[in-house]
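This is what each chain is made of:
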Amino acid sequence: MKNKIKQKVFSGIRATGQLHLGNYLGAVKGMLALQETHDCIFSVVDLHTITTPYDPDSLQNSILEIAIDYLAAGLDPKKCKIEVQSFVPEHIELAYLLSTIYPVSRLQQLPTYKDKTLQHPKYQNMGLLFYPILMAADILLYKTELVPAGVDQEPHIEVTREIARKFNAMFGETFPEVKRMETVGEYVPSLLGTGKMSKSVPGSYINLADSPDVIYEKMSKAKTDSGPQSKMSKLPEEGAVANLFKIFGLFDVKRAKVFESQYLEGSIKYMEMKETLAEVIIEVLQPIREKRNDLERNKEYVKKILLEGSIEARHEAKINLNEVKQKMGLI
Ligand code: ADP
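Conventions used here
- Residues numbered from 1 in each chain as written.
- Predicted model: local features only at pLDDT ≥ 70, side-chain atom pairs only at ≥ 80, totals over all residues.
- Heavy atoms only, no water.
- UniProt positions renumbered as here; feature names shortened; annotations may be inferred.
- Axes fitted to C-alpha atoms, helices over the stretch in contact; angles between N-to-C directions.
- Helix = DSSP H or I, 4+ residues; strand = E, 2+ residues; numbered from the N terminus.
- Left-handed = near helix turned anticlockwise from the far one by under 90°.
- Contact = heavy atoms within 4.5 Å.
- Nonpolar A, V, L, I, M, F, W, Y, C, P; charged D, E, K, R; others polar.
- Domains from an automatic or database assignment.
- Buried area = accessible area lost by both parts, 1.4 Å probe.
- Salt bridge = Lys/Arg side-chain N within 4 Å of Asp/Glu carboxyl O.
- Phe/Tyr/Trp six-rings, centres within 6.5 Å; stacked < 30°, edge-to-face > 60°.
- Core = buried A, V, L, I, M, F, W, Y, C linked by side-chain atoms within 4.5 Å.
- Buried < 20%, exposed > 50% of the residue type's maximum accessible area, 1.4 Å probe, protein only.
- Pairing = 2+ DSSP bridges.
- Expected span 1.5 Å × (residues − 1).
- Polar contact = N/O pair within 3.5 Å; in protein donor to acceptor, adjacent residues only side chain to side chain.

- Per an unreviewed UniProt entry, the chain goes by the name Tryptophan--tRNA ligase and belongs to candidate division CPR3 bacterium GW2011_GWF2_35_18.
- Under the Catalytic activity (unreviewed entry) heading, UniProt states for the chain: "tRNA(Trp) + L-tryptophan + ATP = L-tryptophyl-tRNA(Trp) + AMP + diphosphate + H(+)".
- Per UniProt, the chain has the following entry under Sequence similarities (unreviewed entry): "Belongs to the class-I aminoacyl-tRNA synthetase family."

Below, the structure is given as C-alpha cells:
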C-alpha cells in the first residue's frame, strides 16, 4: 500500500482568556476531527495576544489556560503537536520576510484591524497592523493546507493566500494554497443579540470552564424579545432570539426544534428555552470541565506538553524557513 503523505494543518488561539463556545465550535471541534487524519500543529499564539492591552504578569498563566482548554477538549499530544508561538522564533523571522512582499494599504483595510483600533483607540500599534502578516507566517511556516478556524478569520486567510501566491510567483513554487475548514459552528453568535461571541465582549460568551451555576446565570441574562404575540409564519432570521435558536441548533437539533415549533405556535416561554439550553450546554461541557480540573492540578505536565510540542514544531519550522531564505537569496 502506498504511504500517503498527510495534509498539513495549523490553527492558533490567542491567550486572551479561557476558551468560549465560539472558539470551541468554530475552531477546536475542527482541530479535534483533523488530529485523527491530518498532520496537525496547534498553537497558543502569544505574540498575537500582546497586540491588544494585556497584563504581562498573568500572560504565562493565560498561555497555560489555553493549553489546558485544548487538552481538556480532547486535543491529544500523541496525535498532534501543541506549540507556543513565541517558543518558535521562526514565526517572526518568516513574518518579516513575507512583509517585504505585501502592501501596507491592504493591511489598513482589513476588518479586524479597523475593529480593534476602534475598540482600543489608545492602543494602536504596529503589531496590530502586522497581525495578518504574522498570521500568514504562522500558517505558511508549516506549509499548511487546511486551517480549522471561524468564519471571522476568512479575510486573514485570504491575505495568506495572496502572500503565498506572490511569493511563489517571485521566488518559485514554495507554499501550497491554503483553505479554511468550513464547519456548521464557524459563526457562533453573541448572547447579547448582536455580533459574534467573543472573549473581548463581556456578556457575549459562555466559557468551557464555566460551572453549571454560571452557565444558568449567563443564559438567564441572554437577550430575547417580547415574544410572538400570535402564531408566526416563520422563525426570526436575525436578532437575539434568532441567535439563541442558532446556538441551540449547534448543540441539539432535536430539542431546538421543539422550541422552534412553540415559537411558530406563539406559545414559547423564553425562560424555559434558556433553561433547557443551559442544561444541554452543561451536559456537553461536563466531561471537558472534569478533565480541565485534573489538568489545573497538573500544570507541570501541561508545560511539558507545550515544550515538547514546540521543540518538534521548531524542527519543521527551521527546515521550511531555510528553504525560504535560500529562495530569497539570503543564504
Ligand atoms: P476571540 O475573538 O474570542 O478573542 P480568537 O480571536 O482568539 O477569539 O479566535 C480563536 C479561534 O476561535 C479562531 O479560529 C476564531 O475564528 C474562532 N472564533 C472566535 N469567536 C468565534 C465565534 N463566535 N464563532 C466561531 N468561531 C469563533
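1. Side note on the packing of helix H4 (residues 90-99) against helix H7 (residues 126-140)
Okay, so step 1: Two numbers describe how H4 lies on H7: the axes approach to 8 Å, and their chain directions differ by 115°. The crossing of H4 and H7 is right-handed. Between H4 and H7, the contacting residues are His91, Ile92, Leu94, Ala95, Tyr96, Leu98 and Ser99 on the first element and Phe130, Ile133, Leu134, Ala136, Ala137, Asp138 and Leu140 on the second.
Okay, so step 2: Partitioned by chemical class, the residues of the contact of H4 with H7 number 11 nonpolar, 2 polar and 1 charged.

2. Some thoughts on the domain arrangement of the chain
Okay, so step 1: Here the chain is described as being made up of domain 1 (8-188 + 298-327) and domain 2 (212-292).
Okay, so step 2: Here the C-alpha centroids of domain 1 and domain 2 sit 32 Å apart.
Okay, so step 3: At the interface, 14 residues of domain 1 touch 9 residues of domain 2.
Okay, so step 4: At the boundary of domain 1 with domain 2, total buried surface from both sides reaches about 1,000 Å², with 67% on carbon and sulfur atoms.
Okay, so step 5: On the domain 1 side of the interface with domain 2, the three residues burying the most area are Leu21, Leu25 and Ala72, jointly 43% of the side's total.
Okay, so step 6: The interface formed by domain 1 and domain 2 holds 2 salt bridges in total.

3. A look at the packing of aromatic side chains
Okay, so step 1: As enumerated under the stated definition, the model contains 5 aromatic pairs in all.
Okay, so step 2: Here Phe10 and Tyr142 contribute two aromatic rings whose centre-to-centre distance is 5.8 Å and whose plane-to-plane angle is 20°, an arrangement assigned as stacked. One end of the pair, Phe10, is in strand E1 (residues 8-13); the other, Tyr142, is in the loop between H7 and strand E4 (146-148), and 132 residues separate them in sequence.
Okay, so step 3: Aromatic ring contacts, followed pair by pair, group Phe167, Phe171 and Phe175 into a single cluster.

4. Examining the nonpolar core
Okay, so step 1: Counting 63 residues, the largest nonpolar core has Val28, Tyr70, Met219 and Ile281 as its most contacted members.
Okay, so step 2: Counting residues domain by domain, this core receives three or more from each of domain 1 (8-188 + 298-327) and domain 2 (212-292).
Okay, so step 3: Residue contacts for Ile281: discarding those within four places in its chain leaves Leu21, Ile206, Ile215, Met219 and Phe251.
Okay, so step 4: Core analysis: the next-biggest nonpolar cluster, separate from the first, contains 37 residues, Leu110, Tyr131, Leu134 and Leu140 among them.

5. Considering the pairing of strand E3 (residues 81-84)
Okay, so step 1: Here E3 shows a buried face lined by Lys81 and Glu83 and a second buried face lined by Ile82 and Val84.
Okay, so step 2: Note: strand E2 (residues 39-44) against E3, 4 bridges, orientation parallel. Directly across from Val44, in E3, lies its bridge partner Val84.

6. What about helix H10 (residues 240-251)?
Okay, so step 1: Given a rise of 1.5 Å per residue, 12 residues ought to cover 16 Å, and the 17 Å separating the end C-alpha atoms of H10 matches this to within 8%.
Okay, so step 2: For H10, a buried count of 9 out of 12 residues is recorded, marking the element as mostly surrounded by other parts of the structure.
Okay, so step 3: Those residues of H10 lying buried are Ala240, Val241, Ala242, Asn243, Leu244, Phe245, Ile247, Phe248 and Phe251.
Okay, so step 4: The inward-facing, buried residues of H10 abut helix H1 (21-34), helix H9 (212-221), helix H11 (253-265) and helix H12 (270-296).

7. A closer look at helix H3 (residues 56-73)
Okay, so step 1: Given a rise of 1.5 Å per residue, 18 residues ought to cover 26 Å, and the 26 Å separating the end C-alpha atoms of H3 matches this to within 8%.
Okay, so step 2: A side-chain oxygen of the first residue of H3 lies 3.0 Å from the backbone nitrogen of Asp57; this N-cap is Asp55.
Okay, so step 3: Where H3 ends, the next residue or the one after it, Gly74, has phi of about 125°, a positive value.

8. Brief notes about the pattern of salt bridges
Once the charged atoms of two side chains with opposite charge are near each other, the side chains can pair.
Okay, so step 1: Tallied over the full model, the rule gives 30 salt bridges.
Okay, so step 2: Arg180 is the salt-bridge partner of Glu154, the closest N and O atoms lying 2.8 Å from each other. With Glu154 in helix H8 (residues 154-171) and Arg180 in strand E5 (residues 179-181), the pair connects residues that are 26 residues apart, well separated along the chain.
Okay, so step 3: Residue Arg180 is classed as buried on the basis of its relative accessible area, which comes to 7%.
Okay, so step 4: Across the pair Glu300 and Lys303 runs a salt bridge, and its minimum N-O distance is 3.3 Å. Of the two residues, Glu300 and Lys303 both sit in helix H13 (residues 299-327), 3 residues apart, roughly one turn of that helix.
Okay, so step 5: Looking at Glu300, the relative accessible area reads 56%, which means it is exposed.
Okay, so step 6: Of the residues examined, Lys303 reaches a relative accessible area of 41% and is grouped as partly exposed.

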